[in-house]
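Fold and geometry: a report
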Amino acid sequence: MKSLARQKLFKSIIHWLLTFLVIVYVVTGFGITEFRTVEALTLGLLTKNLAFKIHNNLWIPFIILLGLHIFLSLIRRRKKVVYGL
Amino acid sequence: MRKLIAAVFTLSIFISLIIIAINGCGGDRNMDETEELEPAEIREYEGEKLSSINAFRENSIKGPQHIDIESYRLKIRGLVENPAHYTYDEVINNYKHYKKVVTLDCVEGWSVDILWEGMLVRELIAESSPLPSTKVVIFHAYDGYTTSFSLDYIMGNDIIMAYKMNEVALPSERGYPFQLVAESKWGYKWIRWITEIELSDDVNYRGYWESRGYSNTGDLDKGFSEE
């Protein structure tokens, strides 16, 4: 039971991290293509160069999190089928 | 009665034909006059496919600039014996024109193949006789944008300052009156709306994006981000 709760928590963390990453991906993407607007909105914090650096380095954590997200969903689905959970 | 109707019908057809003939011949229009329209861009040059002049993404620092060509002057100043101020026509008419297909690669990931036509920057600079201490060529734009190159790059390559792309004059949003065709450099080195060419010995000079972390050389075969 404890392990199931832990698994749920882990899944939830992955889910929220993935959501956060997708948002960062989109925002930094705009930080590149619409840099004038994004720089003004972030009070100069997210510059085009910084957006580039973040955007270009996000794909590895994104793929890892996406992989984990899919993997955990598959495990849960399998458990549902096998144990009727 | 039938004859009268036939006569009226024939007469009306005859009159109609005369009217059509007069209008069809153009009436008072003078067909010998030819009005020249704005040329359309070409999309192929010597068998090479070209991108459209509208295929660019707008990514300038202050949006497209609209320059009044009557008051426009191209300044060549700094470490030169003869500083110069040229009007647009003086640049166009006093220097030899060159054309070349060059690809612009933007750091954002897109690229365009364009036929550029303009003057060689080294010929413009040579006219002002650079001093021996000159090491850097700094370009200034109307919107405050700047970028720089080593003098060796400018003098050792056929670097064009373009006034035409795909056989049409540069539109305002593409850098009218002049855009630099910085061959083998990232797009941020292709300065638009050029107003000034400054010769300097300041090797530490950094342009707009260069002072914000982009590579100073901007070489295409290297990354654009300076570590």
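Just so it is clear, the model here is predicted, and its values are computed rather than measured.

Quick look at the overall build of chain A now. Scanning chain A from N- to C-terminus turns up 4 helices and 0 strands. Reading chain A from its N end, one meets helices and strands in the order α-α-α-α. Here chain A holds 85 residues, and the buried ones make up 8% of them.

This next bit is on the overall build of chain B. The secondary structure content of chain B amounts to 4 helices and 12 strands. For chain B, with 227 residues in total, the buried portion stands at 29%. Of the contacts formed within chain B by residues at least 6 apart in sequence, a portion of 66% connects residues at least 24 apart.

Residue and element names in this part refer to chain B. One open sheet accounts for 5 strands, arranged β4-β3-β12-β7-β8; its pairing is mixed. Two strands bound the open sheet, and with one partner strand each, they are β4 (84-86) and β8 (146-150). For this sheet, the mean angle separating the axes of adjacent strands, direction not counted, is 15 degrees. In the sheet, strand β3 (residues 74-78) pairs with β4 via 3 bridges, with the strands oriented antiparallel. Its bridge partner lying in β4, Leu-74 is registered against Tyr-86.

Before going further, it helps to spend a moment on the pairing of β8(B). As defined by bridge partners, strand β7 (residues 136-141) of chain B adjoins β8(B) across 5 bridges and the pair is classed as antiparallel. Counted as the bridge partner of B:Val137 is B:Phe149 from β8(B).

With that settled, the discussion passes to the confidence of the model for chain A. Considering every residue of chain A, the mean pLDDT works out to 88; 88% of them sit at 70 or more. The least confident element of chain A is helix α4 (residues 59-83) of chain A, whose mean pLDDT is 83; the most confident is helix α2 (residues 35-41) of chain A, at 94.

Right, let's talk about unusual backbone geometry for a bit. Cis geometry is adopted by the peptide bond preceding B:Pro177, which originates at B:Tyr176 and carries an omega value of 15 degrees. Checked against the element boundaries, B:Pro177 lands in the loop between β10 (168-169) and β11 (179-181). Of note in this structure, A:Leu43 is not a glycine but carries a positive phi near 55 degrees. Turning to its location among the elements, A:Leu43 is positioned in the loop between α2 and α3 (48-57).

What follows concerns the pairing of strand β5 (residues 98-105) of chain B. Residues and elements named next belong to chain B. For β5 and strand β6 (residues 111-120), the ladder comprises 8 bridges, and the chain directions are antiparallel. If you follow Leu-104 over to β6, its bridge partner there is Val-112. Linking two consecutive strands that pair antiparallel, namely β5 and β6, is a turn of 5 residues; a positive phi of about 110 degrees is found at Gly-109 within it.

Residue and element names in this part refer to chain A. Put simply, helix α1 (residues 2-33) and α3 touch, their axes get as near as 8 Å, and they point 140 degrees apart. Compared by their axis directions, α1 and α3 come out oblique. Helix-helix and strand crossings are classified by hand; for α1 and α3 the assignment is left-handed. Residues Val-24, Tyr-25, Thr-28, Gly-29, Gly-31 and Ile-32 of α1 pack against Lys-48, Ala-51, Phe-52, Ile-54 and His-55 of α3. Looking at the contact of α1 with α3 residue by residue, the class counts come to 6 nonpolar, 4 polar and 1 charged.

Right, let's get into the interface of chain B and chain A. By a frequent convention, interface size equals the accessible area lost on bringing the separate parts together. Between chain B and chain A, the residue contacts involve 5 residues of the former and 6 residues of the latter. Here the side of chain B that touches chain A is composed, by residue class, of 1 nonpolar, 2 polar and 2 charged.

For an α-helix the count is 3.6 residues per turn, leaving residues at separations of three or four pointing the same way. Turning to α3(A), its buried residues are A:Lys48, A:Ala51 and A:Phe52. In an axial view of α3(A), the angular spread of the buried residues amounts to 100 degrees, which keeps them on one side of the axis.

Moving on: α1(A). Residue and element names in this part refer to chain A. End to end, α1 covers 47 Å across 32 residues, agreeing with the expected 46 Å (1.5 Å per residue, within 8%). If you check which residues of α1 are buried, you get Thr-28, Gly-31 and Ile-32. Along its buried surface, α1 packs onto α2 and α3.

Another aspect to go through is the nonpolar core. Residues and elements named next belong to chain B. In terms of nonpolar packing, the biggest core is built from 39 residues, with Val-137, Met-161 and Ala-162 touching the most fellow members. Those elements that provide at least two residues to this core are β6, α3 (121-127), β7, α4 (151-156), β9 (160-165), β11 and β12 (194-200). Of all hydrophobic cores here, the second largest spans 6 residues; its members include Val-107, Trp-186, Tyr-188 and Phe-224.

Calculation criteria
- One numbering rule holds for all chains: residues counted from 1, following each sequence as written.
- Starting at A for chains and at 1 for ligands, labels are handed out in the order in which the entities are written.
- Residues qualify for local features only when their pLDDT is at least 70, as the model is predicted, and side-chain atom pairs are given and counted only at 80 or more; totals for whole chains, interfaces and linings, by contrast, use all residues.
- Numbering of helices and strands runs from the N terminus, with a helix taken as a DSSP run of H or I at least four residues long and a strand as a DSSP run of E at least two residues long.
- To sort residues by burial, count the other C-beta atoms lying within 10 Å of each one's C-beta; a count of 20 or more means buried, 12 or fewer means exposed, and anything in between means partly exposed. C-beta atoms are built from the backbone.
- Residues are treated as contacting if the C-beta atoms built from their backbones sit within 7 Å of each other.
- Whether two strands pair depends on DSSP finding at least two bridges between them.
- Fitted lines through C-alpha atoms give the axes, limited to the stretch in contact for helices. The angle between two N-to-C directions lies from 0 to 180 degrees.
- The predictor rates its confidence in each residue with pLDDT, a number between 0 and 100.
- Note that the term roughly parallel is reserved for angles under 35 degrees, roughly antiparallel for angles over 145, roughly perpendicular for angles of 65 to 115, and oblique for everything else.
- Whether a crossing is left-handed or right-handed is set by the direction in which the near helix is turned from the far one by less than a right angle, anticlockwise for left-handed and clockwise for right-handed.
- For this classification, the nonpolar set comprises Ala, Val, Leu, Ile, Met, Phe, Trp, Tyr, Cys and Pro, the charged set comprises Asp, Glu, Lys and Arg, and every other residue, Gly included, is treated as polar.
- Throughout, the arc means that of the directions going from the helix axis to the C-beta atoms.
- An expected span of 1.5 Å times one less than the residue number is assigned to each helix.
- Buried Ala, Val, Leu, Ile, Met, Phe, Trp, Tyr and Cys residues form a nonpolar core when they are connected through C-beta atoms within 7 Å.

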